[in-house]
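Survey of secondary and tertiary structure
Residues per chain are reported as follows:
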Amino acid sequence: MMNLYDPRQPRERPPIQLSVVVPVYHGEDCLEELAAELALVREQLEQGGLVSLVEAILVDDGAVDGSARVMDALSQRFPWITAIHLSRNFGQHSATVAGILHSCGDWVATIDEDLQHHPKFLLPLLRHTVENGFDLVFAKPIHAVHESFVRDFSSKAVKQVTKLMTGNEHVTKFNSFRMIRGQIARAAASVATERTYFDVALTWFTDRIGLLPLPLKDRRYVAQRTSGYNLYSLARHALRLLLGCELKVLRAGALVGFATLLLSAVLSCVVVVQKFVYPETVDLAGWSSLIIAVLFSGGLLASLLGVCLEYLSVLVLRTLGRPTYYVVDRSKDALLCSELSREKQAA
Amino acid sequence: MMLLRSNTAHESAPHCVGVLGLGLIGRAVVESLQKRGYVPVRSQKLTWDSPPRLREELREVGDPTLGDSACEFIWCAGRAGFAATDAETSRELGTFETVLEWAESIAAKSVERQVGFSMMSSAGGLYEGQQRVDEQSPCRPCRPYGRLKLHQERRLRESPKLSQRRIFRPSSVYGWLRSDQRKGLIPTLIHNGLRNQETSFDGSFNTLRDYVWVGDVAEIVVRSLFPKHDDTPTNSTRFIASGQPSSIFQIKQLVEATIGRRLQLKFVSQASNALDTTFSANCVRDNGPLTDMSVAIRRIAADFSSNGVSLELRRPHITIKRECLT
């Protein structure tokens, strides 16, 4: 029997709601523990009364083990856990997008299935986000996550190269442990296509992005040296990251082309003046003209190619879902911030 | 009102079904019944905004069931919308009570006769501003419309003469756009988008709602008339929602991608309808898989296309079989 209307009944939910999204691919052994940890955090938050973990959305991304069954059992046991089953393996970003589009929280946290992103860090992450006026905070691993030089170094290297080529300073912050303002998370998830790198999509909606150093460790990789990613999928992941960003290096190439074109025009003026005013200074006829012709044609091609690529970039970004603008409501932050500060002082 | 009858219906299913109100949901219910072999046998125009006149009309209709042992009335009527005033809702409550009394009088004619009554309530009206609503969430209507639905539900539950009392609480229902119906958000967006017209919103970009396709609503309602087990509860209340909240921004993206045009939107700054209302996926699990919103949006857009509006869809059209109403 459903509850009937009782206006005297107080609102049972605090004003700030937190959703947790967990893409699941290989989590049969970890999900029980994860749910227990989330339940613990949920209980603690309920006691505080300020933030409520309203839902944990487990997204079965075509899991290769018995995760789907465990997820269903968990959703039966805990009403705040929702299990979503994707029809096949679409990848971690697509699964995250699917989970976020099912969420309703004021804030959305995304974590991995294997407890490398421990739920106990959710509140510190939220506190850091709100206190600093961020819309998005990534966890920053204090130590090497995989304890593998090649894996950790290549990950950092790809991000650094991408940062250099694109000028997107946030690329190096990207991590799958995120705390995102719910509106922005859902907006970015709405525009994301299968080719969109989700973190890049988030940067289209906000530049209030922060980092919080946390002890993160990929325990499964460290213990078993196995991962859901192989070399090919990592390379594809890196390519998607690169293509999702605006390539500033192309713009630089176009500028060099324009500069070369300009230089060839100036040099041709110099050569013409020299030919007619100071013909005696010309030692070798034809050489200067040849260089100018090469410079002119090269500069012209580079600049035209740059313009074409700029057009292409606009189309690609449009296809990937980059918005013209987005309106956000941060009015609840002040309340949350003051309450969190009060709580901190009391503690 | 439309009366449908089936001679081939399952033993536990009603042989006669009266659909009260042929708006968006009512028509879809009729179509769904027709797919299950019900044939429309009578159509009766009723005066919904005047309970005394309605009472008179229903008295003239008499017993439309022709002595069928099992019949069902499905209330899909209602002109009052979210913005309805107290006066409008009290008039509508009077209409509902008149119809219910009529159904009760038919049920009272014979003890053996099984007369059921299903009503379409409104989850949005009852739980406005609440998030992750489930069976345990208390109803807290914020406006006359929600209070009307609550009163209607109570009135139905307290009706002892009816053998079955089913209450359905659909969330935000969307479907085809017809000139004689209230326009929902999604068809309006498509309609205005195709005509390069501006659409005004009483809400914000981020307002979260749970949208459900009218075909799914009708299917769930009609499916409930065919119980799998004999121990069907006399009173049942059911949410019809997708369990997936969607923001206006998300819908805007979907519609733009489908019709291939940019939408012109205007948000009313003093929004009175901007509260998020969402439903837990766990409480709507029994509804089965529902139509994906992107598919439904393409269906509506394709319907526009077939009705003479120039539209280039990016993907192949989805043909919808719709049987004609008699």
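Keep in mind it's a predicted model, so treat the numbers as computed, not measured.

Moving on: the side chain of Ser176 of chain A. All names here are of chain A. Relative to the helices and strands, Ser176 is located in the loop between helix H5 (149-166) and strand S6 (178-181). A distance of 3.3 Å separates polar atoms of two side chains, one belonging to Ser176 and the other to Asp112. Leaving out residues up to four positions away in the same chain, Ser176 has contacts with Gln92, Thr110, Ile111, Asp112 and His117.

Here we come to the domain arrangement of chain A. All names here are of chain A. Parsing chain A into structural domains produces domain 1 (16-245) and domain 2 (248-320). Just the C-alpha atoms count here: the centres of domain 1 and domain 2 sit 47 Å apart. With 11 residues of domain 1 at the contact, the number on the domain 2 side is six residues. Three residues, Met165, Thr166 and Trp204, lead the burial of domain 1 against domain 2; their summed loss comes to 52% of the area buried on that side. For the interface between domain 1 and domain 2, the tally reads zero salt bridges. Our count for the contact surface shared by domain 1 and domain 2 stands at zero residue pairs in polar contact (both at pLDDT 80 or more). Elements with a contribution of two residues or more to the side of domain 1 that touches domain 2: H5 and helix H9 (231-244).

Before going further, it helps to spend a moment on the packing of helix H6 (residues 182-191) of chain A against helix H8 (residues 248-259) of chain B. Running from N to C, H6 of chain A and H8 of chain B point in directions that differ by 10°, and their axes come no closer than 9 Å. Here H6 of chain A lies roughly parallel to H8 of chain B, going by the angle between them. Contacts between H6 of chain A and H8 of chain B involve Ala187, Ser190 and Val191 of chain A on the former and, on the latter, Phe249, Gln250 and Gln253 of chain B. In terms of residue class, the contact of H6 of chain A with H8 of chain B is made up of three nonpolar, three polar and no charged.

With that settled, consider the sheet that holds strand S2 (residues 16-20) of chain B. Residue and element names in this part refer to chain B. Read across the open sheet, the seven strands follow the order S3-S1-S2-S4-S5-S6-S10; overall the sheet is mixed. On the outer flanks of this sheet lie strand S3 (39-43) and strand S10 (235-240), each paired with one strand and no other. The sheet shows a mean angle of 20° between the axes of neighbouring strands, direction not considered. Relative to strand S5 (residues 114-120), strand S4 (residues 70-75) is paired through six bridges, and the arrangement is parallel. By the bridge assignment for S5, Ala70 is matched with Gln114. On the sheet, helix H5 (residues 144-157) packs against S4, S5, strand S6 (164-170) and S10 and is oriented at approximately 160° with respect to S6.

All names here are of chain A. Relative orientation of the contacting elements H5 and H9 amounts to 20°, with a least axis distance of 10 Å. The orientation of H5 with respect to H9, classified from their angle, is roughly parallel. Once H5 is placed against H9, the crossing between them reads as right-handed. Only Leu234, Ala238, Leu241 and Leu242 of H9 make contact with H5, whose side of the interface consists of Arg151, Val158, Thr162, Met165 and Thr166. Taken together, the residues that form the contact of H5 with H9 break down as six nonpolar, two polar and one charged.

So, about helix H7 (residues 198-205) of chain A. Extensive coverage of H7 of chain A is indicated by the burial of eight of its eight residues. The complete set of buried residues in H7 of chain A reads Phe198, Asp199, Val200, Ala201, Leu202, Thr203, Trp204 and Phe205 of chain A.

Moving on: the interface of chain B and chain A. Listed as interface residues are 34 residues of chain B and, on the opposing side, 38 residues of chain A. Summed over both sides, the interface between chain B and chain A buries roughly 3100 Å², with carbon and sulfur atoms accounting for 48% of that surface. Where chain B touches chain A, the interface holds one salt bridge. With a closest N to O distance of 2.7 Å, Arg132 of chain B and Glu55 of chain A form a salt bridge. Linking chain B with chain A are 12 residue pairs in polar contact (both at pLDDT 80 or more). Elements with a contribution of two residues or more to the side of chain B that touches chain A: H5, S10 and H8 of chain B. By residue class, the composition of the side of chain B that touches chain A is 11 nonpolar, 14 polar and nine charged.

What counts as what
Residues numbered from 1 in each chain as written. Chains lettered and ligands numbered in written order. Predicted model: local features only at pLDDT ≥ 70, side-chain atom pairs only at ≥ 80, totals over all residues. Heavy atoms only, no water. Helix = DSSP H or I, 4+ residues; strand = E, 2+ residues; numbered from the N terminus. Polar contact = N/O pair within 3.5 Å; in protein donor to acceptor, adjacent residues only side chain to side chain. Contact = heavy atoms within 4.5 Å. Domains from an automatic or database assignment. Buried area = accessible area lost by both parts, 1.4 Å probe. Salt bridge = Lys/Arg side-chain N within 4 Å of Asp/Glu carboxyl O. Axes fitted to C-alpha atoms, helices over the stretch in contact; angles between N-to-C directions. Parallel < 35°, antiparallel > 145°, perpendicular 65-115°, else oblique. Nonpolar A, V, L, I, M, F, W, Y, C, P; charged D, E, K, R; others polar. Pairing = 2+ DSSP bridges. Left-handed = near helix turned anticlockwise from the far one by under 90°. Buried < 20%, exposed > 50% of the residue type's maximum accessible area, 1.4 Å probe, protein only.

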